[in-house]
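The primary structure of each chain is shown beneath.
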Amino acid sequence: MDVVNHRIDALWHKHTSNYSQGKTIKPRFIVMHYTTGWSAENNLAWLLGRAGGSGNTESSAHILVGRDGKAWQICPFNRRAWHAGPSRLGTVADLNSHAIGIELLNPGWLKPDGHGGWVDYHGNRRSTRQLQSDGGYLLARNSRVGSGELAWPLYTDAQLDTSRQICLAIARAYPIHEIVTHEEVDTRGWKTDPGPAFPLDSFRSLVDDYGRESAQPRYKVSASRLNLRGGPATSYELVDPPGQLQQGTLVEALRHEGDWAYVQVVREGSRAQAGATVTGWVHSAYLQRQW
Ligand SMILES: [Zn+2]
């Protein structure tokens with residue numbers, strides 16, 4: 001798969017009616033979603049809006065991926081589709097203006113129906129046996145839905161395969177910083193997609209593996225002087241030199257442990273880091289996310 005003129009050449013194409021006309025975007029993120037649906041045909045018509053003969057005038061995405069691995073592109077990547085709604089990621093607000101939205105056909109969570117079966121977001125019922133024969137599910141809680149255990153139907157291998165190829169093609173064409181979930185950028189606090197059945201880590205590492213831009217999230221030191229330690233607690237000795245990082249130092253966070261981050265210095269003030277690599281642990285309260 002390759003992106004040509006903001007479209008993946010290998011996919012089926014039709015233009016949704018639901019996009020911001022006259023506005024172009026430069027994608028920096030990919031937001032992953034599920035459709036809360038069971039039928040690719042219905043979900044495709046819905047996301048196409050009037051162009052698909054549906055009454056939906058409010059939502060869309062760039063791509064829909066079905067359970068058999070077939071995918072449809074319904075908006076060019078440089079157009080603003082309507083998938084993320086009110087949203088924020090660090091200092092970036094309104095993800096629709098900065099992100100490509102990929103919808104995976106999946107009903108999302110189902111709640112127990114009180115009779116040994118399950119009921120989905122739209123009120124459709126399914127028995128445990130039906131869920132099992134449809135590809136299985138996992139059980140997990142999500143406080144945005146309630147306190148009880150929910151059934152989350154699994155994604156298919158074919159669907160995840162196609163989705164990975166699409167993400168790689170996009171990452172080759174645009175400086176994608178990160179693949180994120182709708183749940184983590186949604187500011188209304190009720191979105192739960194693509195849910196625990198989605199293998200997020202394997203998608204995030206796809207973009208890392210491709211090595212575009214920085215693979216690691218970058219931060220600036222916001223404290224005037226920030227202790228750099230040998231471990232994730234104040235009991236660890238300072239890493240000396242430099243002992244402390246100056247305000248404005250740019251670092252990459254290689255991993256996190258509780259409130260602590262293991263960082264590598266990229267640039268100290270305006271000076272690029274030359275020579276020896278400086279790494280150590282800092283308290284993450286004094287790190288400000290950069291994009
Ligand atoms: Zn979503």
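A brief report on the enclosed structure follows. (Residues numbered from 1 in each chain as written. Predicted model: local features only at pLDDT ≥ 70, side-chain atom pairs only at ≥ 80, totals over all residues. Heavy atoms only, no water.)

## Focus: the coordination of the zinc ion
Here is step 1: Surrounding the zinc ion are the protein donor atoms His33 (ND1), His182 (ND1) and Asp193 (OD), which sit 2.1 Å from the metal.
Here is step 2: Along the chain, the residues donating to the zinc ion are arranged with the sequence spacing H-x148-H-x10-D. In this pair, histidine 33 sits in strand β5 (residues 29-34) while histidine 182 sits in helix α4 (residues 182-185), placing the two residues 149 residues apart along the sequence. Pair check on accessibility: histidine 33 and histidine 182 agree, each one buried. (Donors = N, O, S within 2.8 Å, 3.2 Å for Na, K, Ca; no water. Helix = DSSP H or I, 4+ residues; strand = E, 2+ residues; numbered from the N terminus. Buried < 20%, exposed > 50% of the residue type's maximum accessible area, 1.4 Å probe, protein only.)

## Digging into the side chain of glutamate 252
Here is step 1: Mapped onto the elements, glutamate 252 comes out in strand β21 (residues 250-257).
Here is step 2: Looking at glutamate 252, the relative accessible area reads 15%, which means it is buried.
Here is step 3: For glutamate 252, the side chain forms a polar contact with the side chain of arginine 218, separated by 3.1 Å. (Polar contact = N/O pair within 3.5 Å; in protein donor to acceptor, adjacent residues only side chain to side chain.)

## Regarding the sheet that holds strand β11 (residues 99-104)
Here is step 1: Strand order in the open sheet made by the six strands is β3-β7-β6-β11-β5-β17, with mixed pairing throughout. Looking at which strands have only one partner, the edges of the open sheet turn out to be β3 (12-13) and β17 (178-181).
Here is step 2: Two strands pair when backbone bridges link them, and strand β6 (residues 63-65) and β11 are joined in this way by three bridges, in the parallel orientation. Within β11, the residue paired with leucine 64 across the bridge is glutamate 103.
Here is step 3: Helix α1 (residues 40-48) contacts β3, β6, β7 (71-73) and β11 of the sheet and is inclined by roughly 170° relative to β6.
Here is step 4: Each of β5, β6, β7, β11 and β17 is contacted by helix α3 (residues 157-173), which is oriented at about 170° to β11, the strand it contacts most. (Pairing = 2+ DSSP bridges. Contact = heavy atoms within 4.5 Å. Axes fitted to C-alpha atoms, helices over the stretch in contact; angles between N-to-C directions.)

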